[in-house]
Amino acid sequence: NGGLARVYDLIKKTRAELPNNNTIMLDNGDILYDYTTEYIFSSDQEAIQPILQAIKYMGYDAITLGNHEFDYGYDYLLHQLDGSGLMDITVVSNLTDAKTGKHPFLEDMIITRKAKTRSGKEVEIKIGIIGQTIPNLTSKTHSYVGILTGEDMVENARKQAAKLKEKGADVIIALSHTGIRPEN
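This one's a predicted model, so the numbers in the text were calculated from it and none came from an experiment. Residue numbers here run from 1 along each chain, matching the order of that chain's written sequence. At least 70 in pLDDT is required for a residue's local features to be given in this predicted model, at least 80 for side-chain atom pairs to be given and counted, and no such filter applies to totals for whole chains, interfaces and linings, which use all residues. Side-chain numbers here rest on the full set of heavy atoms in the structure, without hydrogens or water.

Peer 1: What am I meant to see in the overall build of the chain here?
Peer 2: Secondary structure is summarised from DSSP: a helix means a run of H or I of at least four residues, a strand means a run of E of at least two, and numbering begins at the N terminus for each. Secondary structure summary: the chain contains 5 helices and 7 strands in total. Ordering the α and β elements of the chain from the N terminus gives α-β-α-α-β-α-β-β-β-β-α-β. The principal-axis extent of the C-alpha atoms belonging to the chain is close to 55 × 40 × 35 Å. Looking at the 184 residues of the chain, the share that counts as buried comes to 38%. Contact criterion: two residues are considered in contact whenever any of their non-hydrogen atoms come within 4.5 Å of each other. Taking contacts inside the chain between residues at least 6 apart in sequence as the whole, the part at least 24 apart equals 70%. Shrake-Rupley sampling with a 1.4 Å probe provides the accessible areas, and residues are treated as covered by the protein chains on show and by no other component. When the accessible surface of the chain is totalled, it reaches about 10600 Å², and 51% of it is carbon and sulfur. Seen as two clouds, the 20 positive and the 25 negative side-chain charges of the chain have centres 9 Å apart. Partly exposed describes any residue whose relative accessible area lies between the buried limit of under 20% and the exposed limit of over 50%, with all areas from a 1.4 Å probe on protein chains only and scaled to the type maximum. Here the positive residues are Lys and Arg and the negative ones are Asp and Glu; neither His nor the chain ends is included. By convention, the point assigned to a charge is CZ for Arg, NZ for Lys, CD for Glu and CG for Asp.

Laid out in structure tokens, this is it:
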């Protein structure tokens, strides 16, 4: 009811009500998924999608990618993330390059905040971020066979959580784009 502009008003209001650094903003994927995305993709593949520009402007701390970000092809996705300035906050822990085995996006992230408790004491919190998408990335317009390899989310989350704990994370958040349906 009101779209992203209304949501941003609520986010600004919430941030103003809390001590500085006591909030984080995250996205769980499928950002590029609607008629507008299709229209821009079809009209001008060099144009950066406005929703990605808005996310950058709003100050998200981390995002992961849903399966629909991959619908438009790998090169297009990389261009969109680079062009919007979001590549440095894009965490996808369970995808690797099929040829090199390296993570094409951030494998994980630690956000360090000096937050204030209710009593006014300042504490440092290290928030570990895991990002996961559906491991099978075949989509309506592009096949990722031989390009990207997906790992099972549960196995990946266990492995990534252990790594983040070793790096000193106090809290771990898993942004897992799982979809909604019965477990197989």
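Peer 1: What exactly am I supposed to notice about the layout of surface pockets here?
Peer 2: One water molecule sets the probe size; rolling that probe over the atoms shows where empty space is left. A cavity here means a set of 1 Å grid points, computed over protein atoms only, where a 1.4 Å probe fits but cannot escape. A pocket is an open set with protein on both sides within 12 Å along at least 5 of 7 lines, and lining residues have an atom within 4 Å of a point. Grid points are joined across faces, edges and corners, and a volume is the space filled by probe spheres set on the points. Empty space within the second largest pocket amounts to approximately 150 Å³. Lining the second largest pocket are Arg 15, Leu 18, Pro 19, Asn 20, Asn 21, Thr 23, Ile 24, Met 25, Gly 59, Asp 61 and Arg 113. Split into classes, the residues belonging to the lining of the second largest pocket amount to 4 nonpolar, 4 polar and 3 charged. Charged means Asp, Glu, Lys or Arg here, nonpolar means Ala, Val, Leu, Ile, Met, Phe, Trp, Tyr, Cys or Pro, and polar covers whatever is left, Gly included.

Peer 1: Can you walk me through unusual backbone geometry in this structure?
Peer 2: Excluding glycine, residues mostly carry a negative phi; peptide bonds, for their part, are mostly trans. The backbone phi angle of Asn 21 is positive, close to 75 degrees, even though this residue is not glycine. Judged by relative accessible area, which is 35%, Asn 21 ranks as partly exposed. Positioned with a positive phi, Asp 30 is a non-glycine residue whose angle comes to about 60 degrees. Examined against the element boundaries, Asp 30 turns out to sit in the loop between strand E1 (26-27) and helix H2 (35-43).

So yeah, pure geometry; function would need other evidence.
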